[in-house]
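# Residue-level structural notes
Now for the letters of each chain:
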Amino acid sequence: MGNELMLSPRDQSLLDGDCGPALQFAMKVVVRGAELLGAPRLIDAQFVHVDSCHYYGRAHLDFAKFFVQHAAQFDIPAWTNTIPISLRDTDVRDPETEFHREAKELAEQYVALGCQPVWTCAPYQLPAGPKFGDQIVGSESNAVTYFNSVVGARTNKYGDFLDVCCGLVARVPDAGFHTNEGRRGEILFDIGNLPMILRQHDAFYHVLGHLIGGRSQSMTPVIAGLPSTTNKDDLKAISAAVAASGGVALFHGIGVTPEADTIEQAFLGGEPTETVSVTSDQVVEARDSLSSAGPGKLNMVAVGTPHFSMSEFERLVRLLDGARIHCDLTFYVSTSRFVAENAAAMGWMETLNRAGVTVVVDTCTYFSPRVKACRGRVMTNSAKWAYYSPGMLDVEVVFGSLEDCVQSAIKGEVRRDCRVWGEPW
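The text that follows walks through the structure, step by step, so that each part is easy to find. (Residues numbered from 1 in each chain as written. Predicted model: local features only at pLDDT ≥ 70, side-chain atom pairs only at ≥ 80, totals over all residues. Heavy atoms only, no water.)

### Let's talk about the pattern of salt bridges
By the definition in use, this model includes 21 salt bridges. Measuring nitrogen to oxygen at the nearest pair gives 2.8 Å for the salt bridge that ties E105 to K65. With E105 in helix α4 (residues 98-112) and K65 in helix α3 (residues 58-69), this pair connects stretches of sequence that are 40 residues apart. We classify E105 as partly exposed; its relative accessible area is 24%. Put simply, R315 and D202 hold a salt bridge, and the shortest N to O gap is 3.4 Å. Pair noted here: R315 is in helix α12 (residues 310-320) and D202 is in helix α8 (residues 202-216), with a separation of 113 residues, a long-range link. Each of D11, D44 and R171 takes part in one network of salt bridges that share partners. (Salt bridge = Lys/Arg side-chain N within 4 Å of Asp/Glu carboxyl O. Helix = DSSP H or I, 4+ residues; strand = E, 2+ residues; numbered from the N terminus. Buried < 20%, exposed > 50% of the residue type's maximum accessible area, 1.4 Å probe, protein only.)

Set out below in structure tokens:
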């Protein structure tokens, strides 16, 4: 269990109920979490990304209402994760149900608590977010991994309800990924022998993350061999995939991520517990495991898990090149309101509408079985979507690159370019 938890005078005051029952309850939860982690103390948090706003049932609503009824407020920046409905795009849903009404009510409760209603799983794409070294409260899996790995902010993976409690008292346990030692790399993945053309392909990063997450489980992986061209979308893909297939909350990319200029720095001068020299065969095997269906007619294409970025929108418009989506399928892009508004200002939304693409904000398509055409054979460029959706929806999944998704959507059937992989699909 570790050393006895030492509380500051403010911590103790909150725990004693001096600031009311809501913050007393929140501090009790935080203290218990810290005790379970063996933390010696609590430290200040500068930001919280709230997942508890995502409606999973009445308990989530009752929990939020308790704090609202007792006039609790976030005193640090608090941003919202996705929710299971879109508050804007009601035309893609069935008629409103009790589920919809309570999901909307829950969203309203978190606005009342002082959250900025960004409704995105990719808060790192918005301005004025956490910076390197900030101690934060992260909850959504890919955002936790991206903040830790790419931004260099520090957070454990805080589950629903604990994220709110930590955010309301603005304190987190001084343990795990909040500490220097807790961020030490554990297992090394060397991809340096893979062909450079593969290492620079957009779909590779989704597959690599899927492979690494499954092998690492909860260990902190270090990746050697990422090319200098690795960009934020590539790192987003790794973050989402390692968190989905293995629960990885932090990875280091040598020469790419901020705490890994060298292998020595990533391992804090120590040695990896294991070194994996990644082969092309392993990559192809991981790629194939993301598809539960083969060639054939498509019902739907789903991209934007995590939420699409501006650079991804730009690339999508370029790949479409004036073509239209096949009349027998639906093409969905999930993104945040912030990115959607910026894409609209560039004229891209009008272009996508003419092409037959539907852009959905606030949510993700694998949460929403009421999204039209979300059935049958669905193609995605997201390892996270491919990994989760078969267990949540009545779908068979085909994984491919963004270019594959566009070409398939135009033709109405699965089309994939296997040349970069060196192996047929």
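From this point on, the discussion continues.
### A few points about the side chain of R377
Inspection of the secondary structure assignment puts R377 in strand β12 (residues 376-380). The buried charged residue R377 lacks any salt bridge partner; its closest oppositely charged side chain belongs to E396, at an N-O distance of 4.9 Å. For R377, the side chain forms a polar contact with the main-chain oxygen of K297, separated by 2.7 Å. Sequence-distant contacts of R377, defined by excluding residues within four places in its chain, comprise A293, G294, P295, G296, K297, L298, N299, M300, E396, V398 and V414. (Lys, Arg positive; Asp, Glu negative; His and termini not counted. Polar contact = N/O pair within 3.5 Å; in protein donor to acceptor, adjacent residues only side chain to side chain. Contact = heavy atoms within 4.5 Å.)

### What about the pairing of strand β9 (residues 300-308)?
With 9 of 9 residues buried, β9 is to be regarded as a mostly interior element. Across 5 bridges, β9 lies against strand β10 (residues 330-335) in parallel orientation. Within the sheet, the bridge partner assigned to A302 lies in β10 and is Y332. With respect to chirality, the unit in which β9 leads through α12 into the neighbouring parallel β10 is right-handed. Sheet topology note: the β9/β12 ladder contains 3 bridges and is parallel. Along β12, the bridge assignment pairs M300 with V378. (Pairing = 2+ DSSP bridges. Right-handed = clockwise from strand over helix to strand, strands pointing away.)

### Structural notes on the sheet that holds β12
Here 5 strands make up an open sheet; going across it, the order is β11-β10-β9-β12-β13 and the pairing parallel. Lying at the two open borders of the sheet, with one neighbouring strand each, are β11 (357-361) and β13 (395-399). Taken pair by pair, the neighbouring strands of this sheet meet at an average axis angle of 25 degrees, ignoring direction. The sheet strands contacting α12 are β9, β10 and β11, and the helix crosses β9 at an angle near 155 degrees. Of the strands in this sheet, β9, β10 and β11 touch helix α13 (residues 337-345), which is tilted by about 115 degrees from β10. (Axes fitted to C-alpha atoms, helices over the stretch in contact; angles between N-to-C directions.)

### A few points about the sheet that holds strand β5 (residues 187-190)
Within a sheet, each strand pairs with its neighbour through backbone hydrogen bonds, oriented either parallel or antiparallel. Read from one edge to the other, the open sheet built from 4 strands follows the order β7-β6-β5-β8, with strand pairing classed as parallel. With one partner strand each, in any of the chains shown, β7 (252-253) and β8 (274-277) form the two edges of the open sheet. Both β5 and β8 contribute to a ladder of 4 bridges, which runs parallel. Looking at the pairing, L188 lines up with T275 of β8. Against the sheet, α8 engages β5, β6 (221-224) and β8, with an angle of about 150 degrees to β5.

### Some details on helix α14 (residues 348-355)
Turning to α14, its buried residues number three or more, namely W348, M349, L352 and A355. Projected onto a plane normal to the axis of α14, the buried residues spread over an arc of 120 degrees and lie on a single side. Opposite the packed face of α14, turned more than 90 degrees from it, sit the exposed residues E350 and N353. Close packing links the buried residues of α14 with α12, α13 and β11. (Arc of directions from axis to C-beta.)

### Focus on the packing of helix α2 (residues 21-37) against α3
Where α2 contacts α3, the axes come no closer than 8 Å and their chain directions differ by 130 degrees. With respect to each other, α2 and α3 are oriented oblique. Between α2, through P21, A22, F25 and A26, and α3, the contact on the second element is made entirely by F63, F66 and F67. The residue inventory of the contact of α2 with α3, partitioned by class, reads 7 nonpolar, no polar and no charged. (Parallel < 35°, antiparallel > 145°, perpendicular 65-115°, else oblique. Nonpolar A, V, L, I, M, F, W, Y, C, P; charged D, E, K, R; others polar.)

### Brief notes about the packing of aromatic side chains
We describe a pair of aromatic rings using the distance from one ring centre to the other and the angle between the two ring planes. What the rule picks out here adds up to 16 aromatic pairs. Consider the rings of F47 and W79, whose centres lie 5.1 Å apart with planes at 85 degrees: the pair is edge-to-face. With F47 in the loop between β1 (42-44) and β2 (48-50) and W79 in strand β3 (residues 78-80), this pair connects stretches of sequence that are 32 residues apart. Under the relative-accessibility criterion, W79 is labelled buried at 3%. (Phe/Tyr/Trp six-rings, centres within 6.5 Å; stacked < 30°, edge-to-face > 60°.)

### Observations concerning the nonpolar core
The nonpolar side chains of a soluble globular protein tend to be buried with one another. Core analysis: the biggest nonpolar cluster contains 56 residues, and I238, V283 and W385 have the highest contact counts within it. For I238, the residues in contact, after removing those within four places along its chain, are Y205, L208, G209, I223, L226 and F251. Counting residues in hydrophobic clusters, the runner-up holds 45 residues, among them V50, Y55, I76 and A78. (Core = buried A, V, L, I, M, F, W, Y, C linked by side-chain atoms within 4.5 Å.)

### Quick notes on the pairing of β6
Residues P221 and I223 line one face of β6 and the alternating positions V222 and A224 line the opposite face, and both faces are buried. Sheet topology note: the β5/β6 ladder contains 4 bridges and is parallel. Bridge pairing links L188 to V222 in β6. Judged from the 2 bridges that link them, β6 and β7 form a sheet pairing that is parallel. Counterpart to V222 in the pairing with β7 is H252. Following the backbone out of β6, through helix α9 (residues 232-246) and into the adjacent parallel β7, one traces a crossover that is right-handed.

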